[in-house]
Amino acid sequence: MADPSTCAPLTRASVVEAHRIVAPHVHRTPVVTNRTLSEMASRPRTAEELRGTRWEGRRPAAPRMRLWFKCENMQRIGAFKVRGAFHAVEKLMREEGWLGGGGREKGVVTHSSGNHAQALALAARENGIKARIVMPDISIPQKIAATRGYGAEVIFSGSTSPEREAAAARVIAETGARLVPPYDHPDILLGQGTMGLELQEQVGEMLAAEKKQQHNDKGSRSGEEKTTTTTKSGSSSSSSSKTGLDAIITPCGGGGMLSGVALSCEGTGIRVFGAEPLFQGADDGKRGYESGRRVASVSTLTVADGLRTPVGEIPFSVIAGDRRLVSGMFSVTEAEILAAMRLVLERCKMVVEPSACVPLAAALFDEEFRAVVEREGGEEGWELGIVLSGGNVGVDAIGRMFGGGAK
C-alpha cells in the first residue's frame, strides 16, 4: 500500500473520486425496503419483551423509522469488502515504479477472516497480481474455499489480530509482497465509503419516484382523502415528505466501512452510527468512542465473525478522534444478532451473514439507539439506511445457528 501520508485526503470529495475508480469493477447493489421490518422497528417493545434483558425496567422507546437496506450481500464476492480492495489495488497499480519493480510477481498480501481475503484475491486476479492471504485457522470453510477459488495462496494463522499480523509480516519479509490491510488505510476507507454515496443517491431516487407516483395518484383521485404520513404503527409510510436519508447505521469491525460511510456523509446532514456485537468485548469501538481512547486489541468468538477485529487507528480518527464524524456507537447481544438474521432470512428472503445483521439488531432491540431515533426523529420519524454488509455464510452454518427449533 501507499504511504498514508501520500494518499488522497479523507474527505467526501475523495470518496467521490474513489467511486469513479471502483465503479467499473463493483456492482451498484440494490436498496430495498421491507414494510414488516419497518413496522417492527417502529413498534414500542412491551415490558414483557424487555424482561430479562439489559433494558428491563426501562420505558420502551417509541421510534418511527422506515428501513432502507443496502444489499452488499449481493456484491461481488458476496460482501462490501471488494470496494476497498479494488480501490487499493487500482491505486497501487498507478504507483510510480511499482510495476517496473516486479510488483506483479512479488504480489500483495493481507490478513482477513474471509471477506477482505476474497476481495483482495479477486482484485489481484483481475490485475494479474500474485496474492497471498493470511487467514485464521478457524475461518469459515466456504470463505477459505472461495479465496483459493480466486487464485490466492492461503496461509493459516491464529485467530487474533496480532497473530494474523505477524504471519503477514513473515510473508512480506520472505517475498517482498505489498501489504493491503483489511481496514486501516486511507485507500481502503475511501473505497468502502463508495457504498455510502450509492445508498444516499438510491434512496433519494426512490423517494423522488415515490413522490411522483403519489402526485400522479392524487391527480387521478380528485376529491379523495389525502394520504397520511405515517402508518398505524408509527413507521414512515410510502407518503413520507422526506427527500433523502436521515441516518445510516453500519456494522463496525475494523472500522473501514463505518469511517468510509461517515466520510461519504460529511456535510450532507445525514447522521452515521456504528453497531457492534457485545459478546466477549467485541464492542471495542463503542468503548473507545465513549472513552476517547482506541481499544487496541480484542479477543472474541462472537457469531459475527467479520467483526472480531479492533478498530484501526485511521478509522478511529474519523469515527471518534479529531474528526468524530460518527454520531454514536451501539452494541447488541448474540441472541439479538441471530433474531435479526432470522428476520432477514424469513421476511426479506435474503441470505446474510451474522455480521451484516448487527445494525438491524440495533434498530430493533437496542433501546438506547431507539431512544435516539424517537427523540430526534419526532413525529415524522427517520428514513434509516442499514448496510447489509455481506452474505458469505453456508447453509450448514445457518442450520447450526437455527437448528433444534430455535426461536
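Just so it is clear, the model here is predicted, and its values are computed rather than measured.

Glancing now at the overall build of the chain. A count of helices and strands for the chain gives 17 helices and 10 strands. The globule rule puts the C-alpha radius of gyration for 407 residues at 22 Å, and the 21 Å found for the chain is close to it. Expressed along its principal axes, the backbone C-alpha trace of the chain runs to roughly 75 × 45 × 40 Å. Here the chain, with 407 residues, has 57% of them falling under the buried criterion. Once local pairs closer than 6 in sequence are excluded, the contacts in the chain between residues at least 24 apart make up 76%. When the accessible surface of the chain is split by element, carbon and sulfur atoms take 51% of a total near 16,300 Å². Across the chain, the mean location of the 50 positive side-chain charges is 3 Å away from that of the 48 negative side-chain charges.

With that out of the way, let us pick up the layout of surface pockets. By volume, the largest pocket is sized at about 760 Å³. Every residue lining the largest pocket is counted, 49 residues in all, and those nearest its centre are Ser 113, Asp 305, Gly 306, Leu 307 and Arg 308. Elements represented by at least two residues in the lining of the largest pocket include exactly α6 (115-126), α7 (141-149), α8 (161-175), α11 (256-265) and α17 (395-402). In terms of residue class, the lining of the largest pocket is made up of 19 nonpolar, 22 polar and 8 charged. Size it by volume and the second largest pocket reaches roughly 240 Å³. In terms of lining residues, the second largest pocket is bounded by 18 residues, among which His 111, Glu 165, Pro 181, Tyr 183 and Asp 184 are the most central.

This part covers α7. Within α7 the residues assigned to the buried category are Lys 143, Ile 144 and Thr 147. Mapping the buried residues of α7 onto a view down its axis gives an arc of 100 degrees, with all of them on the same face. Structural note: α7 exposes Pro 141 and Gly 149 on the side pointing more than 90 degrees away from its buried face. Looking at the buried side of α7, the elements it contacts are α6, β4 (131-136) and β5 (153-157). The positive-phi residue at the C-terminal boundary of α7 is Gly 151, with phi of around 95 degrees.

Residues annotated in UniProt with the feature "domain: Tryptophan synthase beta chain-like PALP" (unreviewed entry) correspond here to residues 64-206 and 245-364. The distance from the first to the last C-alpha atom of residues 64-206 is 19 Å, and the span holds 51% helix and 17% strand. Between the C-alpha atoms that bound residues 245-364 the distance is 18 Å, and the span itself is 39% helix and 14% strand.

Okay, the pattern of salt bridges next. The final tally for this structure, using the stated rule, is 31 salt bridges. Note that Glu 367 is salt-bridged to Arg 45, the shortest N-O span being 3.6 Å. A residue pair is termed long-range when its members are at least 10 positions apart, and Glu 367 in helix α16 (residues 367-377) and Arg 45 in the loop between α2 (35-42) and α3 (47-50) qualify at 322 residues. The pair formed by Glu 367 and Arg 45 is uniform in burial state, with each residue classed as buried. Across the salt bridge formed by Arg 66 and Glu 383, the nearest N and O atoms sit 3.0 Å from each other. One end of the pair, Arg 66, is in strand β2 (residues 65-71); the other, Glu 383, is in strand β10 (residues 382-388), with 317 residues separating them in the sequence. The class of Arg 66 is buried, set by a relative accessible area of 8%.

About the thresholds
- Residues numbered from 1 in each chain as written.
- Predicted model: local features only at pLDDT ≥ 70, side-chain atom pairs only at ≥ 80, totals over all residues.
- Heavy atoms only, no water.
- Helix = DSSP H or I, 4+ residues; strand = E, 2+ residues; numbered from the N terminus.
- Rg over C-alpha atoms; globule rule 2.2 N^0.38 Å.
- Buried < 20%, exposed > 50% of the residue type's maximum accessible area, 1.4 Å probe, protein only.
- Contact = heavy atoms within 4.5 Å.
- Areas by Shrake-Rupley, 256 points an atom, 1.4 Å probe, with all protein chains shown as cover.
- Lys, Arg positive; Asp, Glu negative; His and termini not counted.
- Charge placed at Lys NZ, Arg CZ, Asp CG, Glu CD.
- 1 Å grid on protein atoms, 1.4 Å probe; cavity = no way out; pocket = protein on both sides within 12 Å on 5 of 7 lines; lining within 4 Å.
- Points joined across faces, edges and corners; volume = space filled by probe spheres on them.
- Nonpolar A, V, L, I, M, F, W, Y, C, P; charged D, E, K, R; others polar.
- Arc of directions from axis to C-beta.
- UniProt positions renumbered as here; feature names shortened; annotations may be inferred.
- Salt bridge = Lys/Arg side-chain N within 4 Å of Asp/Glu carboxyl O.

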